[in-house]
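Examining the three-dimensional arrangement
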Amino acid sequence: MGSAGAARLLEVEGIEAGYGEQTVLDGVSLGVDPGEILVVLGATGSGKSTLLRCIVGLVPPRRGRVRIRGRDVHAADGAEREQILRGVGMAFQEAALLNSMTTVENVALPIAEHWGAEEETALMLARMRLARVGLAGAGRKLPSELSGGMRKRAGIARAIALEPALLLLDEPTSGLDPTTARAIDELILGLRARGDMGIVAVTHELGSINTIADRAVMLAGGRVIAAGSLAEVRRQPDPRVQAFFQRALVAGAERRSLVDELEWVG
Amino acid sequence: MASPGSAIRVPLPAELVDEACRELARALRRQPRGTTVVLDGRRLAALDSLGAARLLRSIAEARNAGLVVRLAQLSEPARRALAEVDPEILEEAAPPPRRHPLAAIGARTLDAAEELSATASLARETGAGLTLPFGPGGIKWERTLQQMNIVGASAVPIVVFISLLVGVVLALNGAAQLRQFGATIFIANLVGISMTREMGPLLTAVIVSGRSGSAIAAEIGTMVISEEIDAMRTMALSPIRFLVVPKILALMLMMPLLTVMSNAAGIFGGYLVGIVGLDLGSDAYLSQTVQALLVTDVLTGLVKSVVFGILIGLVGARRGFAVRGGPEAVGLATTSAVVTSIILCIVANAVFTAFFYYAG
């Protein structure tokens, strides 16, 4: 936890957000300190990705606040928001690399734009970032020429290009084979070990959760239903938490049956 | 669970085949709204997935018609087949609630206002981007040059070819009329003025809209779907400065050049008809053209072409940013970008023409 009085790296306070009439997040609060890995758990559709999009300013909340190092992301505009976002890196689930550029150009783009580095220097720094995620030599490839695991690594390399204080990872290991997933987990731990970067990783992969989580928050139906250390979250009696860790589809108690509801008693 | 009381019992057939289900539907339709219908399943021996789907469809339709449906006397296999079904699927099968006509008009008005506001915001940000030519945060000149090549240089052959043919057609049509008065030399006036004032800018706009307006919408729309635009925003990079400003600037610079080529090609088409088909002298045709053309006509056409370029770029970008969903939405955005920009260019052309006519 951060020292008394100092602003936390990330503070999410009671955010409610959604798309159109649909509410996806309903009063979610959480916080991250430097050097900490917070894993956001939850089944598909529980609002995990929307939470990340809200943190990074892509989805404006209807209520609540997102503060990064004490500064409200959504209240900031123009240059101030740009300054806040320069301290945040986000790796998307499908990497979202710019397909018209090579991998190294993708990583060099924020470096050249925000650090004002000349092109060759930006490219060299980008190669260093790619090497850090194990992609040395792959820089000349177009994103379409990379495998799923390589794309995810390239996405992480771009996210850490500006050495952000806060790194957001959306499903960093989903859809990968166990070996590649394990390598990405180790990469995430390595990133944290080399500095005081705070990391929020959204995932539903139990292997990753067990490997990387310092603390965990579990979402269901857009609300936080469990928070704390991984062990504390696991001990929560909520059937949705138990179902998640036991890999059950739906807790039996919640299941509805057509016959039970429509059967005529008479 | 339903309580015993007044209810209509409707027997389910032994097998839920098509004909039997239609009969069941007819029986259910005969019941007044609010009636509790108990579907008696004692004859129903087994229920496969297709039969279960038919039964559920009948139940959903009956519920949508305002009946309260219950099941009774289900055989064990039928119970097993239905026990796994979540009743929520019946609610999913209900027709969406009807909107009050006024609410529908209101929603459409709000959508239109939102679209207008988004377009205005895009135009404002693009305008702001155009005012910063150099330095960090300034215009991306390398990208602009690339775009000038794509929207301008690559379009030259088709613009010249189409304009040449239009010039030929204008001259041939004019010749048929003017020959009656022995005034075929005035074909030079007809073609020259038509091309520079109206046809050149408009033809170029239609071609560029088809080539580049669609490409802009498709490129940005695809980037929206693959989250590339979101990724740029999270990197605090403005997609408008990176993508839209270079394209619109390229259009603003290349449209007048393409228009000049279109004018020249159209006039050359008329010239070919004049000297080959109508035996007008080359010098006579050219000097007639020069006499007929006014600098203001040419300049008016060029000013129009710049405005058309801005319209094509803005519409293409807006349609691209508005893409939601999958690849089909990109296709629709592309079509919509072309249609909208052509309509807007024709409307703008009419406004310009009326303005210059009354302004003298």
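Everything numeric in this text was worked out from a predicted model, so none of it was measured.

1. Observations regarding the overall build of chain B
- Scanning chain B from terminus to terminus reveals 13 helices and three strands.
- Relative to the globule expectation of 21 Å for 360 residues, the C-alpha radius of gyration of chain B, 33 Å, shows a markedly less compact shape.
- Projected onto its principal axes, the C-alpha positions of chain B cover 100 × 60 × 35 Å.

2. Re the sheet that holds strand β1 (residues 10–19) of chain A
- Spatially, four strands are ordered β2-β1-β4-β5 (chain A) in an open sheet, and the strand pairing comes out antiparallel. Each edge of the open sheet is held by one strand with a lone partner, namely β2 (22–32) and β5 (71–72) of chain A.

3. Focus on the environment of A:Arg81
All names here are of chain A.
- Mapped onto the secondary structure, arginine 81 falls in helix α2 (residues 78–85).
- Take arginine 81: there are 18 C-beta atoms within 10 Å of it, and that puts it in the partly exposed class.
- Leaving out residues up to four positions away in the same chain, arginine 81 has contacts with Gly57, Val73 and Ala76.

4. A look at the interface of chain B and chain A
- Of the residues lining the interface, 27 residues belong to chain B; the matching set on chain A comes to 25 residues.
- For the side of chain B that touches chain A, the secondary structure elements donating two or more residues are β3 (68–72), α3 (76–83) and α9 (228–234) of chain B.
- Per-element accounting of the side of chain B that touches chain A gives the leading share, five residues, to α9(B).
- When the residues that make up the side of chain B that touches chain A are grouped by side-chain class, the tally is 17 nonpolar, two polar and eight charged.

5. Observations regarding the nonpolar core
- Judged by nonpolar contacts, the single largest core of 136 residues is most densely connected at A:Val39 and A:Leu168.
- Sort the elements by how many residues they give to this core and helix α8 (residues 187–225) of chain B lands first, with 16 residues.
- Judged by nonpolar contacts, the second largest core, of 23 residues, contains A:Leu262, A:Trp264, B:Leu67 and B:Leu74.

6. Re the sheet that holds strand β2 (residues 36–40) of chain B
Residues and elements named next belong to chain B.
- Strand order in this open sheet of three strands is β1-β2-β3, and the pairing throughout is parallel. Bordering the open sheet on either side are β1 (8–11) and β3, each of which pairs with just one other strand. Taking each pair of neighbouring strands and ignoring which way they run, the sheet shows an average axis angle of 30°.

7. A short note on the domain arrangement of chain B
- The assigned domain composition of chain B is domain 1 (8–92) and domain 2 (126–359).
- The distance between the C-alpha centroids of domain 1 of chain B and domain 2 of chain B comes to 62 Å.

8. Focus on the packing of helix α12 (residues 295–321) of chain B against helix α13 (residues 327–359) of chain B
All names here are of chain B.
- Relative orientation of the contacting elements α12 and α13 amounts to 150°, with a least axis distance of 9 Å. Here α12 is positioned roughly antiparallel relative to α13, judged by the angle of their axes. In this structure, α12 meets α13 at a crossing whose hand is right-handed. From α12, Thr300, Lys304, Val307, Phe308, Leu311, Ile312, Val315, Gly316, Arg319 and Gly320 reach across to α13, where they touch Ala333, Ser336, Ala337, Thr340, Ser341, Leu344, Cys345, Ala348, Asn349, Phe352 and Phe356.
- Residues belonging to the contact of α12 with α13 are distributed by class as follows: twelve nonpolar, seven polar and two charged.

Conventions and cut-offs
Residues numbered from 1 in each chain as written. Chains lettered and ligands numbered in written order. Predicted model: local features only at pLDDT ≥ 70, side-chain atom pairs only at ≥ 80, totals over all residues. Helix = DSSP H or I, 4+ residues; strand = E, 2+ residues; numbered from the N terminus. Rg over C-alpha atoms; globule rule 2.2 N^0.38 Å. Pairing = 2+ DSSP bridges. Buried ≥ 20, exposed ≤ 12 C-beta atoms within 10 Å, placed from the backbone. Contact = placed C-beta atoms within 7 Å. Nonpolar A, V, L, I, M, F, W, Y, C, P; charged D, E, K, R; others polar. Core = buried A, V, L, I, M, F, W, Y, C linked by C-beta atoms within 7 Å. Axes fitted to C-alpha atoms, helices over the stretch in contact; angles between N-to-C directions. Domains from an automatic or database assignment. Parallel < 35°, antiparallel > 145°, perpendicular 65-115°, else oblique. Left-handed = near helix turned anticlockwise from the far one by under 90°.

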